[in-house]
Amino acid sequence: MNANLAYQDPVWEECINGTIVAMSPRPPISHSYIAGNIYWIFRSYLNRKKCTPFADGVDLYLTEKDHFIPDVMVVCDPDKITSDGIYGAPDFVVEVLSPSTAKNDRGYKKDAYAVAGVKEYWIVSPSDKSVEQYLLQDGQFILHEVYSIRPDYELAKMTEQERAALIMAFHCSLYDDLLISLEDIFWRVK
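Residues numbered from 1 in each chain as written. Predicted model: local features only at pLDDT ≥ 70, side-chain atom pairs only at ≥ 80, totals over all residues. Heavy atoms only, no water.

Attention shifts here to the overall build of the protein. Broken down by element type, the protein carries seven helices and 14 strands. Radius of gyration (C-alpha) of the protein: 18 Å, near the 16 Å computed for a compact globule of 190 residues. For the protein, the residues scored as buried account for 40% of the 190 residues in total. With an accessible surface of roughly 11000 Å², the protein has 52% of that area assigned to carbon and sulfur atoms. Taking the average place of the 18 positive charges on the side chains of the protein and the average place of its 28 negative ones, the gap between the two points comes to 3 Å. (Helix = DSSP H or I, 4+ residues; strand = E, 2+ residues; numbered from the N terminus. Rg over C-alpha atoms; globule rule 2.2 N^0.38 Å. Buried < 20%, exposed > 50% of the residue type's maximum accessible area, 1.4 Å probe, protein only. Areas by Shrake-Rupley, 256 points an atom, 1.4 Å probe, with all protein chains shown as cover. Lys, Arg positive; Asp, Glu negative; His and termini not counted. Charge placed at Lys NZ, Arg CZ, Asp CG, Glu CD.)

It is worth spelling out the state of the cysteines at this point. Disulfide: a covalent bond connecting the sulfur atoms of a pair of cysteines. Tallied over the full model, the rule gives one disulfide. Covalently, Cys 51 is tied to Cys 76 through a disulfide, its sulfur atoms 1.9 Å apart. Across the S-S bond linking Cys 51 and Cys 76, the dihedral sits near 105 degrees, which makes this disulfide right-handed. Note that Cys 51 is positioned in the loop between α2 (29–46) and β3 (52–55) and Cys 76 in the loop between β6 (72–75) and β7 (81–82), a separation of 25 residues in sequence. Note on accessibility: Cys 51 and Cys 76 belong to one class, buried. Not engaged in a disulfide, the cysteine Cys 172 finds its nearest cysteine sulfur in Cys 76; these two sulfurs lie 9.2 Å apart. (Disulfide = S-S within 2.5 Å.)

Attention now moves to unusual backbone geometry. Despite not being glycine, Lys 129 has its phi angle at roughly 50 degrees, a positive value. The residue Lys 129 is located in the loop between β10 (120–125) and β11 (130–137) in this model. Notably, Asp 138 is not glycine yet its phi reads approximately 50 degrees, a positive angle. Along the polypeptide, Asp 138 turns up in the loop between β11 and β12 (140–148).

Attention now moves to the environment of Leu 174. Checked against the element boundaries, Leu 174 lands in the loop between β13 (169–171) and β14 (179–181). C-alpha separation for the pair Leu 174 and Leu 97, spaced 77 residues apart in sequence, amounts to 22 Å.

Structure, rendered in structure tokens:
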């Protein structure tokens, strides 16, 4: 028997506005590093606290027509957590961009998260090593800031003052005492 035929990748699907959408091919390793790093940051911080972080692979039943699988989410209402997934809006969601999902992550899903009441949403780009931080205001996400690790060639052209002014760590709006380092988010990402 051919080993390639014996093993089949599980099919990951989301329901976006009532339409089943396959999430394939599975993303590159950089995507897994980033999602894992962000999960680890929140898991470490939230240990033994009320809110619970969830990593990629947990089903989110946001609405009747919207069933997503975010890369990372934090849920502070334990009544939303069941044995088969999360029912209702998490407090915080992260989507790590992949070529096959970027349009939905930046468009429909971002809007659906806002309407549902997600308080903070990040779109993380592995290729740009950037984090777009959106905060909920009046039922819609407003871009609060874009944080990024600058490539070496860009840093070489900057003055010492410009390099010193770069923001390399930031806060999640939910936790004033959690300082998140860009280097921790993009650890091991080449």
